[in-house]
Amino acid sequence: MADRQEIAEAYSQWRATSNANQRLRKMVRGWDRVIHFRTTDTQEGFTMSVHDQLLSELVFGLEGQPDVIVTGTSEDFCDMFWGDLNPSEKYMSGEITLAGSQQDVMRIDAISMVAFLDR
Amino acid sequence: MTTAAGAEPARRAASVGAGSELRRAMGLRTTVSTSTGLAFAALEYLAAAGLVTYVAGDSAWIAIGVAGLLALLAWGFFGELNGMFPTAAAIRLYMQRAMDDRMALSITFTYMTTIILVIAADAFIVGTALAHALGEPGWVAAVWIAALLAVAVASNLRGVQVAGGLQDVATYTVLAATCVVGIAALVRSHQPLHFPLEPLHGHGVGSFVEAVALGVFLFSAFEWVTTNAEEVRRPHHVHRGMLIAIGILFLVCSLATMAMSHVLDHHQLGSAYPQLDLGRAAFGHVGLWAMAAVTAVTALNTFNGGFITASRFVYGTARQGSLPPLLARLNTRAVPWVPVVALGALSLVVALVVSVTHSWQVLVAVGAALEAMIYAVAAFCTLRLRSREPDRHRPFRVRAVKLLGAAGVAVFGALAIVASVTVGDRTNFVPLVVIVIAGALSALYVVKVVPGLQAAEAARRAATPRRRPPRPPAPGP
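Residues numbered from 1 in each chain as written. Chains lettered and ligands numbered in written order. Predicted model: local features only at pLDDT ≥ 70, side-chain atom pairs only at ≥ 80, totals over all residues.

**Q** Tell me what's going on with the overall build of chain B, and back it up with residues and numbers.
**A** When its secondary structure is counted, chain B shows 15 helices and two strands. Relative to a compact globule of 477 residues, whose C-alpha radius of gyration would be 23 Å, chain B shows 24 Å and is just as compact. Along the first, second and third principal axes, the C-alpha atoms of chain B reach 95 × 50 × 50 Å. When the 477 residues of chain B are sorted by exposure, 54% land in the buried category. A separation of at least 24 residues holds for 82% of the contacts in chain B among residues at least 6 apart in sequence. (Helix = DSSP H or I, 4+ residues; strand = E, 2+ residues; numbered from the N terminus. Rg over C-alpha atoms; globule rule 2.2 N^0.38 Å. Buried ≥ 20, exposed ≤ 12 C-beta atoms within 10 Å, placed from the backbone. Contact = placed C-beta atoms within 7 Å.)

**Q** Which residues make up unusual backbone geometry, and what values do they have?
**A** All names here are of chain B. Phi at Ala-221 takes a positive value of approximately 85 degrees, unusual for a residue other than glycine. Within the secondary structure, Ala-221 is located in the loop between α8 (205-219) and α9 (236-263). The phi dihedral of His-358 is positive, around 55 degrees, even though this residue is not glycine. Relative to the helices and strands, His-358 resides in the loop between α12 (337-357) and α13 (360-388).

**Q** Just give me the short version of the interface of chain B and chain A, but keep the residues and values in it.
**A** Opposite the 36 residues of chain B that make contact, chain A presents 44 residues. Of all the elements in the fold, those that place two or more residues in the side of chain B that touches chain A are α4 (90-98) and α11 (274-320) of chain B. Partitioned by chemical class, the residues of the side of chain B that touches chain A number 13 nonpolar, ten polar and 13 charged. (Nonpolar A, V, L, I, M, F, W, Y, C, P; charged D, E, K, R; others polar.)

**Q** An account of the environment of Ala379(B) is requested, with residue identities and associated values reported.
**A** All names here are of chain B. When you line up the elements, Ala-379 lands in helix α13. A residue is classified by how many C-beta atoms lie within 10 Å of it, and Ala-379, with 27 of them, is buried. Residues Ala-379 and Phe-412, spaced 33 residues apart in sequence, show a C-alpha to C-alpha distance of 8.8 Å. With residues up to four places along the chain from it excluded, the contact list for Ala-379 reads Phe-77, Gly-405, Gly-408, Val-409 and Phe-412.

See the structure below:
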């Protein structure tokens, strides 16, 4: 199980990588969304948002009305934020579940994939 | 808002368990319109007209009713499976849990060809209908087909998606217009129904079975709405929506079929645009144009749903490592552009082949057989998962699953065989050959190519160092 500190550290790195990626910023243009993450093992919730092509800081707790809800283990989220995990694979195996429109779900996967393409 | 840097323990996700509702969620009305709209493609009119050749026309509703009961059986299976796996990837999940993964992947790829067929069929029908309504020569239909598919591909590449509200309006308008035209055609014929309760009048039992097989096709694709399971407001909306959709489809298809059998001659029933002749019989030239417009609107749902469902599935499968990585490339609008373009190109080729050979009835037969096959597979998976995963949460359960599951496998399997060797009212093995080739290519790909792709992906991962720093060792006791 990953604790909050680990998740915060992983997200912070994901955020910096994503916000510095010009292609990714283009990809989320006009896509302002609120995303909730729920962990199944530690029973915690986190909120991130995308606004003006930038990923926000991570907020502990579920804030606002979400456009997408991602549910998985704290370890999976940590690995995903570090770019060590392919969320599509976990999604196709049912280990990560999502709620939201197909378009929004695609964007999240796009962020996780494109952010680490050049690294 | 509390950021990670200044986290407050008191705010420790107290609301995790509370079901926060999505900002944009599909309600029951849109779930019903999606389910009905996906099933009610332009091909529906041709299948309805084709059904009249098997049974005494006025009583076609009986064959459609029997098919509707079978659709209810399929609804039960998809309802249970969707409840267990409420995700767009459900078909992969329940099939890989119920059977060997290679078999599951082969069947899934074969089933995906149905989407290409339906998109191609809709492009062909709309293109042909528009060319006919405008009084243009037959070859112009090919131009319409190419133009329609080009617009569909371009819209998808730009990430344009039909909004739920517009989809509701489009679907309910198509259904209402079909009902009005059907009723008007019946009333204006000034003739009583001939054999409303005698489906076998002048036909054999075998013909009735073939009519039911084709009737199942009228309901097919109602289950595609399960791929929207992640965006509904309430989970039960999916299976409730599918149930309502089956009821609506029964009413509209029965009415359209009875009206066609009543006012159209044999030549018109066998044409690629019987709905236009039905419109003309009801309201003259205005009716013909109205039905041409309605036919074009049906393509909106088919193209919207078909392109999104298929391209996203291909993308997910490529990301999983079972299809070439090329298919997981995204454009700047986060659209998997290679699957979208490939889908458009394949659909165009199929539509043009159909346009040249006038073999649209083969498309109907292939689609009907593949749909019946996937219903049989759903029955099998429901049955198998009851024993393999008895404790998994099932918000919706099929009653007497041993009996109904076995019946589903047998009945839908038999219907798939019947549909695959029948074109029009004659025995024809072309649909079976098409399905066998598609199935064999899928199986060959899964057995020969997928292991290599997966090995390459595993090697790539092994060669990529982990970015996540190792955890510091836990302090000793």
